[in-house]
Amino acid sequence: MAESDKFYMYFYSGHKGKFGHEFFKFEIDENGRLSYANDSKYRRDSLIEKSLKLSPTMLNEIKRIVEDSEIMNESDDKWPRRDDVNGRIQLEIVMGKRKINFETAKIGSLSDIVNTQDPEGLRVLYYLIQDFKCLIMSLISLHFKIKPIA
């Protein structure tokens, strides 16, 4: 495999609260393997873990979304540090020779980033995360036909 073909993506968003350790995470490797886990203790829900193989076309689309977002040009130096009470977000991406590994406080909404030292960088992260959450949940739902909880 050529150096330019390397790809890896890991996302984690979680916190420890009154219901215990709750999190949403996914991982995509260069072979197109998508691993997903969601653990919410709310209403006594249990850990959901799924894994599937992405087509080369889908993997290329994911790479395109990452490139178009320009997240690889950002830095988390001025982002709020993780907070054990409110949680954290971690995003790691390897694309070719480039690598990022960001960690910041959990972002609930765009209003959380307005008064930070780098609102534009956090906005890029926020929208990329929202795009990938929707994409991953759609892929999981289509593949496993999971019915959403109403």
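Note that the coordinates shown come from a computational prediction; the quantities given were computed from them, not determined experimentally.

Scoring rules and cut-offs
- As a convention, each chain's residues are numbered from 1 in the sequence order in which they are written.
- Only residues with pLDDT of at least 70 are given local features in this predicted model, and only at 80 or more are side-chain atom pairs given and counted; all residues enter the totals for whole chains, interfaces and linings.
- Here the side-chain values reflect all heavy atoms present in the structure, with hydrogen atoms and water set aside.
- Starting at the N terminus, helices and strands are each numbered in turn, a helix being any DSSP run of H or I of at least four residues and a strand any DSSP run of E of at least two.
- We compute the radius of gyration over the C-alpha atoms and compare it with the globule rule, which gives 2.2 Å times the number of residues raised to the power 0.38.
- Exposed residues in this analysis have more than 50% of their type's maximum accessible area, buried residues have under 20%, and partly exposed residues fall in between, with area computed by a 1.4 Å probe over protein chains only.
- Every residue pair with non-hydrogen atoms within 4.5 Å of one another is taken to be in contact.
- With axes taken as lines fitted to C-alpha atoms, and helix axes fitted only over the stretch in contact, angles between N-to-C directions fall between 0 and 180 degrees.
- Every angle not falling under 35 degrees, over 145, or within 65 to 115 is termed oblique; those three ranges are roughly parallel, roughly antiparallel and roughly perpendicular.
- Crossing handedness follows the turn of the near helix against the far one: under a right angle anticlockwise gives a left-handed crossing, and clockwise gives a right-handed one.
- When residues are grouped by polarity, Ala, Val, Leu, Ile, Met, Phe, Trp, Tyr, Cys and Pro land in nonpolar, Asp, Glu, Lys and Arg in charged, and all others, Gly among them, in polar.

Caption draft 1: Local environment of the overall build of the protein chain. In terms of regular secondary structure, the protein chain is built from two helices and six strands. Along the protein chain, helices (α) and strands (β) appear in the sequence β-β-β-β-α-β-β-α when read from the amino end. Expected size for 150 residues packed as a compact globule is a radius of gyration near 15 Å; at 16 Å, the protein chain falls within 12% of this value. Expressed along its principal axes, the backbone C-alpha trace of the protein chain runs to roughly 45 × 40 × 20 Å. Burial status across the protein chain gives 41% buried among its 150 residues. Within the protein chain, contacts between residues at least 6 apart in sequence are counted, and of these 50% link residues at least 24 apart.

Caption draft 2: Structural view of the packing of helix H1 (residues 56-69) against helix H2 (residues 119-144). Where H1 contacts H2, the two axes come as close as 10 Å, and the packing angle between them is 165°. By the angle between their directions, the pair H1 and H2 is classed as roughly antiparallel. The handedness of the crossing between H1 and H2 is right-handed. Listed contacts from H2 to Met58, Ile62, Ile65, Val66 and Ser69 of H1 are Val124, Leu128, Phe132, Leu135 and Leu139. Of the residues assigned to the contact of H1 with H2, the class counts are nine nonpolar, one polar and no charged.

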